[in-house]
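# Fold and geometry: a report
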Amino acid sequence: MTSRRSGTGRKGGPLRALGRALHFPFTGTARGIRKATHAHGAGESGLGKLIELHAVNGAGDVMITVALASTVFFSVPTDEARGRVALYLAITMAPFTLLAPVIGPLLDRVPHGRRAAMACAMLARALLALVLSGAVISGSIQLYPAALGVLVASKAYGVVRSAVVPRLLPPQFSLVKANSRVTLGGLLATGVAAPVGAGLQALGPRWPLYGAFVIFVAGTILSFSLPPKVDSAKGEDTALLAADADHLHGPHRKPVKRPGLRTVGIAVTHGLTVNAAIRCLAGFLIFFLAFLLREHPMSGQSAAVSLGMVAVAAGVGNACGTAVGAALRARAPEIIIVTVVAVELGVAITAAVFFSAFLVAALAAVAGFAQALAKLSLDALIQRDVPEQVRTSAFARSETLLQMSWVLGGAIGIAMPLNGSLGLAVGAGVLAVGWVTSVRGLLRSARRGGRSRTRVA
C-alpha cells in the first residue's frame, strides 16, 4: 500500500508540475494585469475595476471594427467620389445628434444607476453584434441601423464612464492621471484584441462579431463589480457650486433651473473651445491627407504606404499622449492644454512653411499626442468644475461638440484643393484661432486654482 501511494505521488508530481506550467501563462498574465490596474491605490478606490471594464470595452469595440472594416459602411475605396466620403461624415454624426439632447439628460436624471447604465450599454452592443453577424453575411439593410446602434451605445458608455471617474479617484491621483490610466487600459486591450480579431476575420466575417458578443456579455457582468459608491448619492450636494448650493438649500427652497455649463467658470468653456480646434484639425488632416497622399504619395512610396505611415505616426502619438498623461504628476489641466496645443501649433506652422514627408508624419504624431492629452485634461476639468447633477449631460454635450468639430474639419479637408502647404496653413490657422481665444482664460483659471471642490492633485 505504501509503495503504491508513493508511486502515485511520483507520477502525480510531474503531472501537477506540467499542469502548473500550462496554467501559468494564463494565471500569471491575469495576476500581472490585476497588479498593474490595481497599483497605487487604484484597487482600494475601485479605479482598477473601471480600468479593467474599459479594457473589455475597448476589446469589444475593436472586434466590431475589424468585422465591419471590409463592409461598405466603413470602407472607402481610393477611387470613391468625395461625395461618398461626405456621406460617411454625415453617418458618423447620427449618434451624437441623439447623445446630447437625449442620452445625457436621461442619465443625469437617473444618477444612481450608473453601473446599470454601463451594463445596458454593454448588453446592447452584445445583442447588436449578433444582429450584425447575420447582416455582414446577407448584406441586409439591418447593417446600418445596427452599426449606428453600436456607436450610440459605445458613446453612452463613454459618457457615463467619464462621469464616474471622480468617485473612484485614489489618494494622490490627479484627475488627468486617473483618466489616462483608464484610457491607456483601453488602448492596450485594443492592441491585444486587434490581431485576435484579424485571426477570427480570417475564419469568416461573422466570427469577430461572435467574439464581440462574448466580450460584451463579460463587460455586462463586470459592470456590476464596480464599487457601490459609483451609484451612491453621497457627495452630490457637496459637488454643487457654492452659488447653486445657496439657491437649492436656502431658507425658501425656491425651485431653480438645473445648473449648466455656463455656470462653471472659464476653465471648462475655454478648454472645450481649444479641444474643438484640436479635433477640427484632426478631422481636417485625416481627410485632406488621405486625398493628398492618394494623388501625391511620399517620395518613393505608394499611396497606401504613405497613408499607412501617417496613420501609424498618429496612432503612436495618441498612445504616447495617453501614456504621458498616466505618468504625469499632479499638474493643472489648464497648463497641460495650453502647453501641448502651443507645441502642436508650432509644428503645424513649420510643416506648412517647409512642407515635406517627414514634417507631415511629425505633425500627425504631434497632433495625436496633443489630442489625447488635451482631451484627458478637458475630462478632468469637467469632472472638477461641473456640478454632479449635470455632469453626464456636460460630457454628452462636449462629445457632441468635439465630434461636430471633427466633422467640420473633415468637410474642409474634402473641399480643399490638393496643395500641401496651403492645406496645412489652413489647418494651422484653425488651431491658432482656438488657442489664441482660450489661452488667457485657461492661464487665469490655473492661477486661481480652478473652481473645484473635488481633489485634483
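Because the structure is a prediction, the values reported are computed rather than measured. (Residues numbered from 1 in each chain as written. Predicted model: local features only at pLDDT ≥ 70, side-chain atom pairs only at ≥ 80, totals over all residues. Heavy atoms only, no water.)

Per the secondary structure count, the chain includes 15 helices and 0 strands. Residues classed as buried in the chain amount to 48% of the 457 residues present. By sequence separation, contacts in the chain at least 24 residues apart represent 85% of the contacts at least 6 residues apart. Carbon and sulfur atoms make up 68% of the accessible area of the chain, which totals about 21,000 Å². (Helix = DSSP H or I, 4+ residues; strand = E, 2+ residues; numbered from the N terminus. Buried < 20%, exposed > 50% of the residue type's maximum accessible area, 1.4 Å probe, protein only. Contact = heavy atoms within 4.5 Å. Areas by Shrake-Rupley, 256 points an atom, 1.4 Å probe, with all protein chains shown as cover.)

With that settled, consider the pattern of salt bridges. For the coordinates displayed, the defined rule picks out 4 salt bridges. For Asp-61, the salt bridge is made with Arg-125, and the minimal N-O distance between the two is 3.0 Å. Note that Asp-61 is positioned in helix H3 (residues 47–68) and Arg-125 in helix H5 (residues 114–138), a separation of 64 residues in sequence. Of the two residues, Asp-61 and Arg-125, both sit in the buried class. Here Arg-384 makes a salt bridge to Glu-334, at a shortest N to O gap of 2.9 Å. (Salt bridge = Lys/Arg side-chain N within 4 Å of Asp/Glu carboxyl O.)

A word on the nonpolar core. Of all hydrophobic cores here, the largest spans 98 residues; its most connected members are Leu-47, Leu-50, Ile-64, Leu-132, Leu-285 and Leu-289. Top contributing element to this core by residue count: helix H13 (residues 357–385), with 15 residues. Not counting residues up to four positions away in its chain, the partners in contact with Leu-289 are Phe-284, Arg-294, Leu-307, Val-310 and Val-360. Among the nonpolar cores identified, the runner-up in size contains 6 residues, and Phe-287, Phe-291, Trp-406 and Ile-414 belong to it. (Core = buried A, V, L, I, M, F, W, Y, C linked by side-chain atoms within 4.5 Å.)

The next point concerns helix H15 (residues 420–448). For an α-helix, 3.6 residues make a turn, and residues three or four places apart therefore share a direction. Under the 1.5 Å per step criterion, the end-to-end length of H15 is 42 Å for 29 residues, consistent within 8% with the ideal 42 Å. Where H15 bends most, the angle comes to about 40°, and this point is Ser-438. Buried residues along H15 sit in contact with helix H10 (266–295), helix H12 (333–353) and H13. With a side-chain oxygen lying 3.3 Å from the backbone nitrogen of Ser-421, the N-terminal cap of H15 falls on Asn-419. (Expected span 1.5 Å × (residues − 1). Bend = angle between axes of the 7 residues up to and from the residue. Polar contact = N/O pair within 3.5 Å; in protein donor to acceptor, adjacent residues only side chain to side chain.)

All chains considered together, the criterion is met by 3 aromatic pairs. The interplanar angle of 90° and the centroid separation of 5.4 Å between the aromatic rings of Trp-207 and Tyr-210 together place this pair among those described as edge-to-face. Of this pair, Trp-207 and Tyr-210 both sit in helix H8 (residues 207–223), 3 residues apart, which is roughly one turn of that helix. Here Tyr-210 falls in the partly exposed class, since its relative accessible area comes to 27%. (Phe/Tyr/Trp six-rings, centres within 6.5 Å; stacked < 30°, edge-to-face > 60°.)

What follows concerns the side chain of Arg-125. The exposure class of Arg-125 is buried, given its relative accessible area of 0%. Looking at Arg-125, its side chain comes within polar contact range of the side chain of Asn-57, at 2.7 Å. The contacts of Arg-125, once residues within four sequence positions are left out, are Asn-57, Asp-61, Val-150, Ala-153, Ser-154, Tyr-157 and Phe-216.

A few words on the packing of H13 against helix H14 (residues 391–415). With their axes 10 Å apart at the nearest point, H13 and H14 run at an angle of 150° to one another. Overall, the two elements H13 and H14 adopt an arrangement that is roughly antiparallel. Here the hand of the crossing between H13 and H14 comes out right-handed. Contact residues: H13 offers Lys-375, Leu-378, Asp-379, Ile-382 and Gln-383, while H14 offers Arg-391, Ala-394, Phe-395, Ser-398, Glu-399 and Leu-402. For the contact of H13 with H14, the per-class residue count stands at 5 nonpolar, 2 polar and 4 charged. (Axes fitted to C-alpha atoms, helices over the stretch in contact; angles between N-to-C directions. Parallel < 35°, antiparallel > 145°, perpendicular 65-115°, else oblique. Left-handed = near helix turned anticlockwise from the far one by under 90°. Nonpolar A, V, L, I, M, F, W, Y, C, P; charged D, E, K, R; others polar.)

Glancing now at the packing of helix H7 (residues 175–203) against H13. For the pair H7 and H13, interaxial distance at closest approach is 8 Å and the crossing angle is 125°. When the axes of H7 and H13 are compared, the pair comes out oblique. The chirality of how H7 crosses H13 is right-handed. Across the interface between the two elements, Leu-175, Val-176, Asn-179, Ser-180 and Thr-183 from H7 touch Leu-376, Ser-377, Asp-379, Ala-380, Gln-383 and Arg-384 from H13. Its residues assigned to classes, the contact of H7 with H13 comprises 4 nonpolar, 5 polar and 2 charged.

Before going further, it helps to examine the confidence of the model for the chain. Taken as a whole, the chain shows an average pLDDT of 75; of its residues, 68% reach a score of 70 or greater. Considering each helix and strand of the chain separately, the mean pLDDT is smallest for helix H9 (residues 242–248), with a value of 37, and largest for H8, with 93. Overall, residues 21–30 carries pLDDT values under 50, and its contacts beyond four positions in sequence, including any with other chains, amount to 2 contacts. A low-confidence stretch, residues 235–256 (pLDDT under 50), is modelled with 32 contacts involving residues beyond four sequence positions or located in other chains. (pLDDT = per-residue confidence, 0-100.)

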